[in-house]
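Observations on chain architecture
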Amino acid sequence: MYIDSHCHINFPDLADKLPEVFDLMRQNQVSHALCISVELERFPDILALAESHPNVYASVGVHPDHEDCSEPSVEQLVALADHPKVVAIGETGLDYFRLTGDLEWQRERFRTHMRAARACRKPLVIHTRSAAEDTLRLMREERAGEPGGVMHCFTESLAVAEAAMEMGFYISFSGIVTFKNAVALREVAAAVPLERMLIETDSPYLAPVPHRGRTNQPGYVMHVAEEIARIKGLAAEEVGEITSQNFFRLFTSAVH
Ligand SMILES: [Zn+2]
Ligand SMILES: [Zn+2]
């Protein structure tokens, strides 16, 4: 059993073929998926998916890369998160790779999400790219360790992973860990304890080997588990089992 802790199945590439997406999940023993919000405008679609599929959860938040969308307030996020299938706040964080210039608005938006997560006691889904130092600094300033959460699609150094784990965060690996050139990331994965790890697709992006270049989907998360298993000398099933337990502990506070 595997769980995709971060996907965007509401994006057109996947939303247009959901029956196939769910079929492949079943075939590959992917039991659950967390569908991640990137804009409030698109949140109703995600909530509808979570409400109509028992094995789909939702998050609420606004992605740090999205500029032309409505800016969330703490109150708004807390209100939208007040639903049993909404299990996380995000994705949020900092991205100095995709956007440049004065990004104070991005840091303010990140703070808003962390304040909302503390207020509603739901964990954070954090995206960080070329901004690790500021991400960790803001996490400390806003006491992100109180709600906890996950550093999603992790591509940073072991030092960054350790700093996040010290705050109680989980580290989530995507299909990037299967890429040929991801030698340094595999070393990070070797050092992060399985008990602190989640797996994800970030689909429709970043399809893992052997599907690289195709549209990614939650059913492919087993290939991430297989790679982690190779790195750690374990069976893929064991990686699936432990990361699934981690998922439920973090997002539903109940190990199923
Ligand atoms: Zn992201
Ligand atoms: Zn994402």
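The preceding data block contains the structure.
To start, this report covers the structure provided alongside it. As the structure is a prediction and not an experimental result, all values here were calculated from the model.

1. Focus: the overall build of the protein
For the protein, the count of helices and strands is ten helices and eight strands. Whereas a compact globule of 256 residues would reach a radius of gyration of roughly 18 Å, the protein reaches 17 Å, a difference of no more than 12%. Along the first, second and third principal axes, the C-alpha set of the protein runs to 40 × 40 × 35 Å. Taken across its 256 residues, the protein has 61% of its residues classed as buried. Sequence separation of at least 24 residues holds for 72% of the intrachain contacts in the protein that already meet a minimum separation of 6. Surface accessibility of the protein: about 10600 Å² in total, with carbon and sulfur atoms responsible for 50%.

2. Points about the packing of helix α6 (residues 132–141) against helix α7 (residues 158–166)
Any two packed helices are characterised by how steeply their axes cross, that is the angle between the axes, and by the distance between the axes. Axis separation between α6 and α7 bottoms out at 11 Å; the angle between their running directions is 10°. Judged by the inter-axis angle, α6 sits roughly parallel to α7. Contacts between α6 and α7 involve A132, L136 and R140 from the first element and V160, A163 and A164 from the second. For the contact of α6 with α7, the class distribution of residues is five nonpolar, no polar and one charged.

3. A word on the coordination of the zinc ion (ligand 1)
Each protein donor to the zinc ion (ligand 1) is listed here as E91 (OE), H127 (ND1) and H152 (NE2); together their distances run 2.0 to 2.1 Å. Each donor residue of the zinc ion (ligand 1) belongs to the same chain, and together they define the spacing E-x35-H-x24-H. The distance between the zinc ion (ligand 1) and the zinc ion (ligand 2) is 3.5 Å, with E91 acting as a donor to both metals. Taken as a pair, H127 in strand β5 (residues 124–129) and H152 in the loop between β6 (149–151) and α7 lie far apart in primary sequence, 25 residues in all. Owing to a relative accessible area of 13%, H127 belongs among the buried residues under this scheme.

4. With respect to the pattern of salt bridges
Applying the stated rule across the entire model yields 16 salt bridges. R118 is the partner of E146 in a salt bridge, and the nearest nitrogen-oxygen pair spans 3.7 Å. Here the residue E146 occupies a position in the loop between α6 and β6, and R118 occupies one in helix α5 (residues 104–120), the gap between them amounting to 28 residues. Assessed through its relative accessible area of 26%, R118 is described here as partly exposed. R143 is paired through a salt bridge with E146; the nearest N and O atoms lie 2.6 Å apart. Shared partners join several salt bridges into a network, and the residues in it are E104, R107, E108, R111, R115, R118, D134, R137, E141, E142, R143 and E146.

5. Some points on the layout of surface pockets
Approximately 470 Å³ is the volume found for the largest pocket. If you trace the largest pocket, you find 20 residues lining it, with H63, R98, H127, R129 and D202 closest to the centre. Of all elements in the fold, only β4 (86–95) and β5 reach the threshold of two or more residues within the lining of the largest pocket. Tallying contributions element by element places β5 first for the lining of the largest pocket, with three residues.

6. Concerning the side chain of H211
Secondary-structure assignment places H211 in the loop between β8 (197–199) and α9 (221–232). A distance of 3.2 Å separates the side chain of H211 from the side chain of H223, its partner in a polar contact. Each residue touching H211, except ones within four places of it in the same chain, is listed here: Y220 and H223.

7. Observations concerning the coordination of the zinc ion (ligand 2)
Those protein atoms acting as donors to the zinc ion (ligand 2) are H6 (NE2), H8 (NE2), E91 (OE) and D202 (OD), and they sit at 2.1 to 2.5 Å. Classification of the site at the zinc ion (ligand 2) rests on its four donor atoms, whose angles at the metal span 85 to 173°, yielding the label irregular.

About the thresholds
- Residues numbered from 1 in each chain as written.
- Chains lettered and ligands numbered in written order.
- Predicted model: local features only at pLDDT ≥ 70, side-chain atom pairs only at ≥ 80, totals over all residues.
- Heavy atoms only, no water.
- Helix = DSSP H or I, 4+ residues; strand = E, 2+ residues; numbered from the N terminus.
- Rg over C-alpha atoms; globule rule 2.2 N^0.38 Å.
- Buried < 20%, exposed > 50% of the residue type's maximum accessible area, 1.4 Å probe, protein only.
- Contact = heavy atoms within 4.5 Å.
- Areas by Shrake-Rupley, 256 points an atom, 1.4 Å probe, with all protein chains shown as cover.
- Axes fitted to C-alpha atoms, helices over the stretch in contact; angles between N-to-C directions.
- Parallel < 35°, antiparallel > 145°, perpendicular 65-115°, else oblique.
- Nonpolar A, V, L, I, M, F, W, Y, C, P; charged D, E, K, R; others polar.
- Donors = N, O, S within 2.8 Å, 3.2 Å for Na, K, Ca; no water.
- Salt bridge = Lys/Arg side-chain N within 4 Å of Asp/Glu carboxyl O.
- 1 Å grid on protein atoms, 1.4 Å probe; cavity = no way out; pocket = protein on both sides within 12 Å on 5 of 7 lines; lining within 4 Å.
- Points joined across faces, edges and corners; volume = space filled by probe spheres on them.
- Polar contact = N/O pair within 3.5 Å; in protein donor to acceptor, adjacent residues only side chain to side chain.
- Tetrahedral: all angles 85-135°; square planar, octahedral: opposite > 155°, others 65-115°.

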